[in-house]
Amino acid sequence: MALVTGESLKAELGTFDIPYQDDSVLDKMVAQCICNRIQAVEMVHEWVAYSTTKNGVLLTTDTLDHFDHEVLSKKNKSKKSLRKEETHNRTRDIHSLQDLIEAEEEEENLLDAYSTPAKGSQKRALTTPEHPHSKRSAALLSSPGLLLSPARFSPSTTPSQKYSQRGGKGEVAVSFGVVQGTRWASRKNLGAGVQLQLLEGPEDSLGCSYKYMFQRLRDVRNVLTEKIEELGDDLRNHFNIEEFAPVSLPAQDSITVLGQVCCDSNGKLNAHSVLLEAGPEQGGQLVPVDLSELKEYSLFPGQVVALEGMNTTGKKLMASKLCEGVPLPFYSSEVRMEMDEEPVNILVACGPYAPSDSLTFDPLLDLINVIVKDHPDVCLLLGPFVDSKHEQIEKAQVTETFEDIFSRCIKSIVDGTKSVGCHLVFVPSQRDIHHHFIYPQPPFTLPSLSKDQAQRVTLVPDPCTLLIDGVTLGLTSTDILFHMSAEEISCGTGSDRFSRILKHMLTQRSYYPLYPPVEEVNMDYEKFQSFAQMPLTPDVLVIPSELRYFVKDVVGCVCVNPGRLTKGQVGGTYGRLLIQRRAGAEDGSRVSPCLAAQVVKI
């Protein structure tokens, strides 16, 4: 299918001398072509037929909306039912497959010419049978479904049946804030724009790829030591601790020690395997910790804590009090807030954008339809876009390069949302097979974007902190929730696991506080120290995960797990937020800028 552009539509309209309002009409037609999978010629033909029945109605964005509702949506439904019938009939139509079977036989003969004969093959009679029929042809005739595999065709020809048959489309799964009567559409005028930037600034953020796999153990140790010392200073000031004692020095009185939690083996952390590793200023040694006297605790490997207790022998600390970290302050803007400021509507979606049994990107097309319908101001799109865990990619069944699939995916998003004019933010993922899978992860590079397209596209690293109209958003596509859920231990906390882990992230001031990281995360600690720490506590933390979606308020930060757009072969969820910079309450307390949030089924 050729790519539909504004120029191709303009040429087709010129053939029939059809006038149109302005270039925004072309942008909207491009989005409709992409969402409905039709060519420019077919689109113009349909419009000519429609306008004739409507007494030559003018081509404007408003009339295109009616045209989409009355013609394209109905045509799309009839196409889907026809496609099912064609698939059903194709299994019985042998003659229509003859050309494909002959191509398979030619390929088999070519492979045989370069292959080594198997044992016993010399015993076969070297005579040509009267009706030659290869085993592969027989298999294809008995199972025509194999002809539709991505190994034989472009991946876009085998739509996922389970995804298309999903239920609950558009249902709200989770709500937060005042959602009664909330209008989930842009309140800003098209082209008015939204102030969006990386909080760290271009010079202090990870803007391009870098060399990795050169770090030394000494450098890793220095990064961890600095983290212990920095968080230790804040713990000392917050809890009014005079000084931290060495962890291995015998003492008959109660002492307070500082260190990093770790496990005494390579296994999973439990209540009897907790060690505290001190920094160099506290002796730099390991001491086992007895947690039996603590009424409540929540610990994970890599957590920096202060423990108060007895260490009479110097070989085991009997902990009696646990002092955890404190979050950083929130962002405070020096710019005066306008009284008539409109809220910003943000859509959040996380890949994979294709079901596991197909690379048709049907969920992505449905998401573009949602964007065109709701007109959000900002779209935060997190990877993976080309998922390394996709079945067809793992089995090497794709017929395009990974870069081409990614470019086609991004091109569809940018062109399909041009009529909306929303700002697009692309965040990479460790699972993007075409990109560097190192943490922190550099942003994508899209050299094919035109100047106009680049103005509304922002490429950011993973993780990052964004500033959108005076509201800060923390973003990460790495599934730290899943990783920490497998390692965290707790007792008597009375809170759910998600809230505990999110609080740990905010108090440890890091987008990935777990140490050592899981095997699938390739950590570069030099860049980790510079680019994976939270510069402040974000107003909103977007943290997609394989675990169940949610929206929670944790120590004043609204944490959103929008889920993934696809879950295996079925549809998933996406999120939407309504944010607005707000003045403090009369008593001086902070008011959350997140007015409302929802998680919606695609």
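Each value, and the rule that gives it
Position numbers for residues count from 1 along each chain, tracking the sequence in the order it is written. Selection of residues for local features in this predicted model requires a pLDDT of at least 70, selection of side-chain atom pairs for listing and counting requires 80 or more, and totals for whole chains, interfaces and linings are taken over all residues. Processing note: side-chain calculations cover all non-hydrogen atoms of the structure and skip hydrogens and water entirely. Only DSSP runs of H or I covering at least 4 residues are called helices, and only runs of E covering at least 2 are called strands; the numbering of each starts at the N terminus. Only protein chains enter the accessibility calculation, which uses a 1.4 Å probe; a residue is then buried when its area is under 20% of its type maximum, exposed when over 50%, and partly exposed in between. Contacts are assigned to residue pairs with any non-hydrogen atoms lying within 4.5 Å of each other. Looking at any residue, its pLDDT shows the predictor's confidence there, from 0 to 100. At least two bridges found by DSSP between two strands are what make those strands a pair. Interaxial angle, 0 to 180 degrees, is taken between N-to-C directions of lines fitted to C-alpha atoms, where a helix line uses only the stretch in contact. The salt bridge definition used is simple: a Lys or Arg side-chain nitrogen within 4 Å of an Asp or Glu carboxyl oxygen. Each Phe, Tyr or Trp ring, with Trp reduced to its six-membered ring, pairs with another whose centre is within 6.5 Å; inter-plane angles below 30 degrees give stacked pairs, above 60 give edge-to-face pairs, and intermediate values give tilted ones. When the NZ atom of lysine or the CZ atom of arginine is within 6 Å of a ring's centre and also within 35 degrees of its normal, the charge is said to sit over that ring. Each residue after the first adds 1.5 Å to the expected span of a helix.

A.B. asks: I would appreciate a short explanation of the environment of I393 in the present structure.
C.D. replies: Tracing the sequence through the fold places I393 in helix α10 (residues 391-394). With a relative accessible area of 8%, I393 lands in the buried category. Each C-alpha atom of the pair I393 and S356 lies 9.5 Å from the other, and the pair is 37 residues apart in sequence. Not counting chain neighbours up to four residues away, the residues in contact with I393 comprise V386, D387, S388, V398, F402 and I433.

A.B. asks: Would you mind going over the confidence of the model for the protein chain with me for this structure?
C.D. replies: Close inspection of predicted coordinates is inappropriate in any region flagged by low pLDDT. Mean pLDDT for the protein chain: 84, with 83% of residues reaching 70 or above. Note on residues 87-97: pLDDT is under 50 here. Beyond four places in sequence and across chains, it has six contacts. Across residues 118-157 the pLDDT falls below 50, and counting only partners more than four positions away or on other chains, this stretch makes 47 contacts in the model.

A.B. asks: Just to check I follow, could you spell out the sheet that holds strand β14 (residues 471-475) for this structure?
C.D. replies: By definition, the strands of a sheet pair up through backbone hydrogen bonds, in either a parallel or an antiparallel sense. Pairing in this open sheet of six strands is mixed, and the strands run β2-β13-β14-β16-β18-β17 from one edge to the other. Of all strands in the sheet, those with a lone pairing partner are β2 (196-198) and β17 (550-554), marking the two edges. If you compare each strand with its neighbour and ignore which way they point, the axes differ by 25° on average. Note that β2 and strand β13 (residues 464-468) share three bridges and pair antiparallel. Each bridged residue has a counterpart across the sheet, and for L198 the counterpart in β13 is L466.

A.B. asks: How do you make sense of the pattern of salt bridges when you look at a structure like this?
C.D. replies: Opposite charge on two side chains allows them to pair when their charged atoms are near. Tallied over the full model, the rule gives 21 salt bridges. Across the pair E546 and R431 runs a salt bridge, and its minimum N-O distance is 2.9 Å. Taken together, the positions of E546 in the loop between β16 (540-542) and β17 and R431 in the loop between β11 (423-427) and α12 (451-454) put the pair 115 residues apart, joining distant regions of the chain. Overall, R431 belongs to the buried group, its relative accessible area being 12%. Bridged by salt links that share partners, the residues D387, R431, E546, R564 and K567 form one connected network.

A.B. asks: Looking at this model, I keep getting lost on the packing of aromatic side chains. Mind explaining?
C.D. replies: Geometrically, a pair of aromatic rings is defined through the distance of the ring centres and the angle of the planes. Per the stated rule, a full pass over the model turns up 13 aromatic pairs. An angle of 15° between the planes, with centres 5.0 Å apart, marks the rings of Y353 and F385 as stacked. Of this pair, Y353 sits in the loop between β9 (344-350) and α9 (362-374) while F385 sits in the loop between β10 (378-382) and α10, and the two are 32 residues apart along the sequence. Residue class for F385 comes out buried when judged on its relative accessible area of 2%. An aromatic cluster is present here, built from Y353, F385, F406, F426 and F444 joined pairwise through their rings. A cation sits over an aromatic face here: R166 above Y163, 4.0 Å from the ring centre. Here R590 stacks its cationic end above the ring of F330, 3.6 Å away from the centre of that ring.

A.B. asks: Which parts of the structure should I look at to understand helix α8 (residues 217-238)?
C.D. replies: The end-to-end C-alpha distance of α8 is 32 Å, a good match for the 32 Å that 22 residues give at a rise of 1.5 Å each. Taken together, the buried positions of α8 are V220, V223, L224, T225, K227, I228, L231, G232 and L235. Structurally, α8 contributes buried residues whose contacts are with β3 (251-263), β4 (274-277), β7 (304-311), β8 (317-323), α14 (497-508) and α15 (525-531). Looking one or two residues past α8, N240 carries a phi angle of roughly 55°, positive in sign.

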